[in-house]
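Listed below are the residues making up each chain.
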Amino acid sequence: MTTPDGKYLVFTREGASDRKNGIVICELNDPAHPKVISEFTAGVTSGVHSAFVYRQEKFGTHVYLTNDGTGAMHVIDITDPYKPHEAGTWKTGNRPEAGRTLHDIDVQDGLAYLSNWNDGLVILDIGNGMAGGSPSQPVLVSQYKYDLNDMYRQVEAAGGPGFIRGTHTAWRHDNYVFIADEVFPSSGVKGAKDAATGRAYGRLQVIDVTDLKEPRSVAFYEPEFGGVHNIWVAGDTLYMGAYNAGFRAFDISGELKGDLRAQQREMVHVNTADMDGKVQNTAMTWGVVVRDGLAYVNDMYNGLWVVRMEPRRETKALTP
């Protein structure tokens, strides 16, 4: 992710061969040739999965990043990108570090929306003013936690105990936060020759945050066969990478309530499977980025797809 002025780039590192993970900062005077100018690794060498760059006039520019080792959020001041330094940290207090995971962070209007895996959605004031928080001293506004084991009990029934499940990503849009769970069974299909027989699970929940201190789930989407992973919201459309359910897009206009699939809010579905893919004829759509009317869809087995949604064609009613 870049700084708002586009002059500097921040990227994350996991699994570095020298174990020197963390973040790297580049200048983009020549965008085709980014130049490394600094890095930050102190306390986050276990790996940084996700980071969000955010600027506030009062506080400067900071990177909000995840710590793979401790499940904490670290706040790195890059107001001077040549000299990054830690400004603050925050983590849930009801778990030992071995059981705490922070997967993703979205920041808007001085509020940070944390996808805290076992601990659900966490909302922090990092400069909004509603709870007196700042980048150096984030303050808890609210938490939406739900019973993941109960919600995905069919996954354990299919694949055995120890399955993967957690609040994976969050996106604030208007008075809603869309949260998506990443869910996989603990084992593949017995006797299968490759990953083509496997599947993901997961649910997208629509959280009403009209009252930020009392978030509540009001709507949901769950594919018949497949999961949910990364999402992107633009206008009244939500775009989704749904793993083996392919690429999907939904109408999220107006008030959202109940089962979005049953309401036929799904607008587009592209099966990104390919016979020449790493796993033949199998979609594994990771996510989507939307820009200038095009959806750039990345599939772990089948590479990059570029999708344009065309207006719905009018159909004439049949007359007897």
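The coordinates are above.
Residues numbered from 1 in each chain as written. Predicted model: local features only at pLDDT ≥ 70, side-chain atom pairs only at ≥ 80, totals over all residues. Heavy atoms only, no water.

### Notes on the pairing of strand β22 (residues 294-299)
The test is simple: Here, strands pair whenever DSSP counts at least two bridges between them. For helices the rule is a DSSP run of H or I covering at least 4 residues; for strands it is a run of E covering at least 2, with both sets numbered from the N terminus onward.
For strand β21 (residues 285-291) and β22, the ladder comprises six bridges, and the chain directions are antiparallel. Across the sheet, the residue bridging to Val-289 is Tyr-296, located in β22. The turn joining β21 and β22, which pair antiparallel and follow one another in sequence, is formed by two residues; a positive phi near 50° is taken by Asp-292. For β22 and strand β23 (residues 303-308), the ladder comprises six bridges, and the chain directions are antiparallel. Within β23, the residue paired with Val-297 across the bridge is Trp-305.

### Let's talk about the pattern of salt bridges
Side chains that differ in sign of charge can pair as their charged atoms come close. Filter applied, for reference: A pair is scored as a salt bridge if a Lys or Arg side-chain nitrogen falls within 4 Å of a carboxyl oxygen belonging to Asp or Glu. Burial classification: accessible surface area is computed with a 1.4 Å probe over protein chains only, and a residue below 20% of its type maximum counts as buried, one above 50% as exposed, and the rest as partly exposed.
Taken as a whole and assessed by the stated rule, the structure comprises twelve salt bridges. As a salt-bridge pair, Asp-119 and Lys-145 come within 3.7 Å of each other at their nearest N and O atoms. Within this pair, whereas Asp-119 is found in the loop between β9 (111-115) and β10 (121-125), its partner Lys-145 is found in the loop between β11 (139-144) and α1 (148-151), the two being separated by 26 residues in sequence. The class of Asp-119 is buried, set by a relative accessible area of 0%. One salt bridge connects Glu-222 with Arg-203, and the closest N-O pair in it is separated by 2.7 Å. On the criterion of sequence distance, the pair formed by Glu-222 in the loop between β15 (216-221) and β16 (231-234) and Arg-203 in the loop between β13 (176-184) and β14 (204-208) is long-range, its members being 19 residues apart. Members of the salt-bridge network, linked through shared partners, are Arg-13, Lys-20 and Glu-39.

### Points about the sheet that holds strand β3 (residues 35-40)
Backbone hydrogen bonds hold the strands of a sheet together, and the pairing may be parallel or antiparallel. In plain terms, the rule: Each axis is a line fitted through C-alpha atoms, taken for helices only over the stretch in contact, and angles between the N-to-C directions span 0 to 180 degrees.
Strands sit in the order β1-β2-β3 across an open sheet of three strands; the sheet is antiparallel. Bordering the open sheet on either side are β1 (8-13) and β3, each of which pairs with just one other strand. In this sheet, neighbouring strand axes are inclined to one another by 25° on average, regardless of whether the strands run parallel or antiparallel. Here β1 pairs with strand β2 (residues 22-27) via six bridges, running antiparallel. By the bridge assignment, Tyr-8 is partnered in β2 with Glu-27.

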